[in-house]
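Architecture and fold: a report
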Amino acid sequence: LATERPAGRIGCLRVLPLFSNPKWTGPAEPAQALAAGLQARGVEVVFRSSGFTKGNAQNQVAEHAALRGLSSVTDLDLSKHRTPWRDWRDVRRLRALLDREGFDLVHCHLANDMRIALSALHGRALPLVRSVYETEPERIPGFDLRALSRPRRVFVFSRGVERALIARGLPS
């Protein structure tokens, strides 16, 4: 868990938060709060959330992002669950936009956006970080636990999850 630091300007940094769900669920608020906080410190943040809403035109995550003053883009499907044809298309689109838009960091918040980002970033030096919002380690599927060894940093919000990840050999 991070040590509190004094607020200050960061600047000259472009961050791409990915959020693979259009619904305003538990992780959405802290993901956007972090993005808004970074933006307030001078970081350029382009919050990309799910453009796939299963026929429901309402994208609650994008609506809340706009209320926070975040630049919210929904040009990727970023479906909540693994969907091979959508995910494959998202990997291709994400690779192209990373080449085009020059981000310094990709920050994933959910399992499927991390799977997509890991594939898109394969062979690239661009750093990836992940926030894990689960509070019970047993609720993290095995694949996700293995995938959590790949980001540059993993941020957790539960001591139990932190201990479980360290026990599996992930750095603290």
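Note that the structure is predicted; figures quoted are calculated from it, not measured. (Residues numbered from 1 in each chain as written. Predicted model: local features only at pLDDT ≥ 70, side-chain atom pairs only at ≥ 80, totals over all residues. Heavy atoms only, no water.)

**Overview of the overall build of the protein**
The number of helices and strands found in the protein is six helices and six strands. From first element to last, N terminus to C terminus, the protein shows the α and β order β-α-β-α-β-α-β-α-β-α-β-α. Residues counted as buried form 44% of the 172 residues belonging to the protein. Here the analysis covers contacts within the protein between residues at least 6 apart in sequence; of these, 67% occur between residues at least 24 apart. Carbon and sulfur atoms form 52% of the exposed surface of the protein, whose accessible area is close to 9500 Å². (Helix = DSSP H or I, 4+ residues; strand = E, 2+ residues; numbered from the N terminus. Buried < 20%, exposed > 50% of the residue type's maximum accessible area, 1.4 Å probe, protein only. Contact = heavy atoms within 4.5 Å. Areas by Shrake-Rupley, 256 points an atom, 1.4 Å probe, with all protein chains shown as cover.)

**Some details on the side chain of histidine 109**
As for its position among the elements, histidine 109 is in the loop between strand E4 (105–108) and helix H4 (111–120). A distance of 2.7 Å separates the side chain of histidine 109 from the side chain of tyrosine 133, its partner in a polar contact. Here histidine 109 is in contact with Pro17, Leu18, Phe19, Ala31, Arg130, Ser131 and Tyr133, once residues within four sequence places are set aside. (Polar contact = N/O pair within 3.5 Å; in protein donor to acceptor, adjacent residues only side chain to side chain.)

**Describing the environment of glutamate 29**
Among the secondary structure elements, glutamate 29 is positioned in helix H1 (residues 28–40). Residues glutamate 29 and valine 61, spaced 32 residues apart in sequence, show a C-alpha to C-alpha distance of 8.7 Å. Discounting residues that sit within four places of it in the chain, glutamate 29 has contacts with Trp24 and Arg68.

**Looking at the nonpolar core**
By size, the foremost hydrophobic cluster in this structure holds 29 residues, and its most contacted members are Leu16, Leu18, Leu94, Leu98, Val106, Ala117 and Leu128. Going through the elements one at a time, strand E1 (14–19), helix H3 (84–101), E4, H4, strand E5 (128–132), helix H5 (142–147) and helix H6 (159–167) are the ones with two or more residues in this core. Residue contributions to this core peak at five residues, all from H4. Discounting residues that sit within four places of it in the chain, leucine 98 has contacts with Leu16, Phe103, Val106, Leu121, Arg124 and Leu126. By size, the runner-up hydrophobic cluster in this structure holds 14 residues, among which are Ala28, Phe47, Leu110 and Tyr133. (Core = buried A, V, L, I, M, F, W, Y, C linked by side-chain atoms within 4.5 Å.)

**Looking at the confidence of the model for the protein**
In regions of low pLDDT, the predicted coordinates are not meant to be interpreted in detail. Of the residues in the protein, 90% reach a pLDDT of 70 or more, and the chain-wide mean stands at 86. Averaged pLDDT values over the elements of the protein bottom out at 72 in H5 and peak at 96 in E4. (pLDDT = per-residue confidence, 0-100.)

**Remarks on H1**
Here H1 spans 18 Å end to end across 13 residues, near enough to the 18 Å set by a 1.5 Å rise per residue. Of the positions making up H1, those classed as buried are Ala28, Ala31, Gln32, Ala35 and Ala36. All buried residues of H1 fall inside an arc of 130 degrees around its axis, so they share one side. On its buried face, H1 is in contact with E1, strand E2 (44–49) and helix H2 (60–67). Following H1 by one or two positions, glycine 42 has its phi on the positive side, about 100 degrees. (Expected span 1.5 Å × (residues − 1). Arc of directions from axis to C-beta.)

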